[in-house]
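Given next are the chains, with one letter for each unit.
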Amino acid sequence: MVQSKKDLFGAVFAEFLATALFIWIGCGAAISSNTWHSGNSTPEVGSVVGIAIAFGFGISVLAYGIGHVSGGHINPAVTFSFLIRGEMSLASAIMYMLAQFFGAFIGALFLYASVVGLTTGCEGNSVDTIDDGANERLCASSCTLDADSGLFMDCGPPFGLGTNVVSGAIGQGSAFIAELIGTFVLVFTVLMAAVHRSNGSGPNAAPIAIGWSVMLAHLVLVPLTGCGINPARTFGPAIVALFFGADSFVRGAWVYYTAPFAGSLCATLSYEIIFKNVPTVEDDDEAV
């Protein structure tokens, strides 16, 4: 728990900076991996793997970078777990979450500035006349196709800056369950690998396990929900994309702001009730 005002300021700024970088890395990979090939809007295997690696490795790297300063939450759902466990005061948790949401917004702004030119070849062109390195997949996902003229118009941010959207192939209830379980995997890994008194990974290896949990969740969830498991990750790109012309109030938006907290609660209760004080293999060895 952060003690002094100086420590709290440093921790909050670390959460802000890390979340901004996380959005730039992860959502940037989502845009890049889908930009350089044409086809329909269905994610291809290579794209899904690339996105999962970027988000997973991104969390791992950033957790190593700021873990000793703030704990390396980078996710309001993780902060929520520490709050309900009594590891943080309500005021500190609110400041962490505000920093994470604002960091996600700033990260998405910088990402927009990095990729805004990608749709230049789409505006005012048809499928057959797309130029400047753009392709049908990029234009169809980022612009409106005028039914009368057959031209791409009103282009927003490329691929909506990776804004989370529930796939039309699944119901919103299924999306809620999927996001809940994905967040459960993440928060449970945080608690067992980084918090548990007898964790087998040790503090230096915990960010690797946490990054892998994020990567695995993305491998499952990207085709279904785009993989939120982090309300700040959903918020930043959605708001920035909305500012610059995208329709970010999309189907199932509520899922991304409820399921992660529900998954965090379930993981925290499982840890506190079942695993926190269960004797470990190391305890058994010491008793022999």
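Calculation notes
- Residues numbered from 1 in each chain as written.
- Predicted model: local features only at pLDDT ≥ 70, side-chain atom pairs only at ≥ 80, totals over all residues.
- Heavy atoms only, no water.
- Salt bridge = Lys/Arg side-chain N within 4 Å of Asp/Glu carboxyl O.
- Helix = DSSP H or I, 4+ residues; strand = E, 2+ residues; numbered from the N terminus.
- Buried < 20%, exposed > 50% of the residue type's maximum accessible area, 1.4 Å probe, protein only.
- Phe/Tyr/Trp six-rings, centres within 6.5 Å; stacked < 30°, edge-to-face > 60°.

### Describing the pattern of salt bridges
1) Next: Counted according to the given criterion, the structure contains three salt bridges.
2) Next: Glutamate 272 is the partner of arginine 85 in a salt bridge, and the nearest nitrogen-oxygen pair spans 2.7 Å. In this pair, arginine 85 sits in the loop between helix 3 (76-84) and helix 4 (90-115) while glutamate 272 sits in helix 9 (residues 255-275), placing the two residues 187 residues apart along the sequence.
3) Next: On the basis of relative accessibility, which here comes to 15%, the residue arginine 85 falls in the buried class.
4) Next: On the basis of relative accessibility, which here comes to 27%, the residue glutamate 272 falls in the partly exposed class.
5) Next: Between lysine 276 and glutamate 272 there is a salt bridge, with the nearest N and O atoms lying 3.5 Å from each other.
6) Next: On the basis of relative accessibility, which here comes to 30%, the residue lysine 276 falls in the partly exposed class.

### Here's the deal with unusual backbone geometry
1) Next: Of note, the phi angle at phenylalanine 159 is positive, near 50°, even though the residue is not glycine.
2) Next: By secondary structure assignment, the location of phenylalanine 159 is in the loop between strand 2 (152-153) and helix 6 (172-195).
3) Next: At cysteine 227, a position not held by glycine, the phi torsion is positive, near 65°.

### Some thoughts on the packing of aromatic side chains
1) Next: Enumeration according to the criterion identifies eleven aromatic pairs in this entry.
2) Next: Note on phenylalanine 188 and phenylalanine 275: the rings are 5.3 Å apart at their centroids and 70° apart in plane angle, and the pair reads as edge-to-face. Highlighted residues: phenylalanine 188 in helix 6 and phenylalanine 275 in helix 9, separated in sequence by 87 residues.
3) Next: Since its relative accessible area comes to 31%, phenylalanine 275 is described here as partly exposed.
4) Next: Taken together, the ring pairs connect Phe13, Phe16, Phe102, Phe105 and Phe243 into an aromatic cluster.

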